[in-house]
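One-letter residues, chain by chain:
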Amino acid sequence: MAGVNKVILVGNLGQDPEVRHLEGGASVATFSIATSDSYTDRDGNRQTQTEWHNIVMWRGLATIAEKYLKKGSKVYIEGKLQYRSYEKDGVTRYITDIVARDMQMLDSRQDGQSNNGGYVPPTAANAPAAQPTSTPTPAAATPQATPDLSGAEGKDDLPF
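What counts and how
Residues numbered from 1 in each chain as written. Predicted model: local features only at pLDDT ≥ 70, side-chain atom pairs only at ≥ 80, totals over all residues. Heavy atoms only, no water. Helix = DSSP H or I, 4+ residues; strand = E, 2+ residues; numbered from the N terminus. Polar contact = N/O pair within 3.5 Å; in protein donor to acceptor, adjacent residues only side chain to side chain. Contact = heavy atoms within 4.5 Å. pLDDT = per-residue confidence, 0-100. Salt bridge = Lys/Arg side-chain N within 4 Å of Asp/Glu carboxyl O. Buried < 20%, exposed > 50% of the residue type's maximum accessible area, 1.4 Å probe, protein only. Arc of directions from axis to C-beta. Core = buried A, V, L, I, M, F, W, Y, C linked by side-chain atoms within 4.5 Å.

(A) Layout of the side chain of Asp-97. Relative to the helices and strands, Asp-97 resides in strand S6 (residues 91-105). Among the polar contacts listed, one links the side chain of Asp-97 to the side chain of Arg-84, at a separation of 2.6 Å. Setting aside residues no more than four positions away along its own chain, Asp-97 makes contact with Asn-54, Val-56, Lys-80, Leu-81, Gln-82 and Arg-84.

(B) Quick look at the confidence of the model for the protein. In the predicted model, the protein carries a mean pLDDT of 78, and 68% of its residues have values of at least 70. Across residues 110-152 the pLDDT falls below 50, and counting only partners more than four positions away or on other chains, this stretch makes 21 contacts in the model.

(C) Seen up close, the pattern of salt bridges. Counted under the stated rule, the structure contains two salt bridges. Between Lys-6 and Glu-78 there is a salt bridge; the shortest N-O distance is 3.3 Å. With a gap of 72 residues between them, Lys-6 in the segment before strand S1 (7-13) and Glu-78 in strand S5 (residues 74-88) connect regions that are remote in the sequence. Residue classification places Lys-6 among the exposed residues on the basis of a relative accessible area of 52%.

(D) Main features of helix H1 (residues 59-68). Residues of H1 that are buried include every one of Leu-61, Ala-62, Ala-65 and Tyr-68, and no others. Within H1, the buried residues cover an arc of 155 degrees as seen down the axis, which keeps them to one side. Those residues of H1 that are exposed and angled more than 90 degrees off the buried face are Arg-59 and Lys-67. In this structure, the buried side of H1 is in contact with strand S2 (18-21), strand S3 (27-40), strand S4 (46-58) and S6.

(E) Up close: the side chain of Ser-27. Residue position: Ser-27 is located in strand S3. The class of Ser-27 is buried, set by a relative accessible area of 5%. Of note is the side chain of Ser-27, whose polar atom sits 3.0 Å from the side chain of His-21. The residues contacting Ser-27, other than those within four sequence positions of it, are Val-19, Arg-20, His-21, Met-57, Trp-58, Arg-59, Ala-62 and Thr-63.

(F) Spatial organisation of the nonpolar core. Grouped together as the largest cluster of nonpolar side chains are 20 residues, with contacts concentrated most on Phe-31, Ile-33, Ile-55, Met-57, Leu-69, Ile-77 and Met-103. Listing elements by their share of this core, those giving two or more residues are S1, S3, S4, H1, S5 and S6. Apart from the residues lying within four places of it in its own chain, the contact partners of Ile-77 are Val-7, Ile-8, Leu-9, Phe-31, Ile-33, Ile-55, Met-57, Ile-98, Ala-100, Asp-102 and Met-103.

(G) Spotlight on unusual backbone geometry. Positive phi values are uncommon outside glycine, yet Arg-59 reaches one of about 50 degrees. Mapped onto the secondary structure, Arg-59 falls in helix H1. Overall, Arg-59 belongs to the exposed group, its relative accessible area being 55%. Positive phi, normally seen in glycine, also occurs at Asp-89, with a value near 55 degrees. Its place among the elements puts Asp-89 in the loop between S5 and S6. Overall, the relative accessible area of 71% leaves Asp-89 in the exposed class.

Laid out in structure tokens, this is it:
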């Protein structure tokens, strides 16, 4: 049985992405995002706990991050956990990274300005219209008579 390694985070960038361009033409972007959780402690005081996550983006996502993400940008990140270690001054240190597979910018546009360099994420309002397919759908292949729902006296007799 295969395992699942999936992480979903929504948070704000702690700094501008650091992007490196590797000799093979690939790009890698690294940055951290903060996620916060609020709760009420035993004394009834509201507490906020902030966690920091290391994000790694490769190739196309790295290019988008370099161009549009800035410190404070709100993002949705979907990816996987990856662990690595290194030794410094004789001490082994461990790091947990989130390797992003998908990213969506969540900043809202205000007053015609954008916090993400003018990028407008596709929405239903600005997405291109769907192109008709050459294969007819089953409903289009077999036309059926449309019932008259206006009623005999011009009133709707619909049960809803």
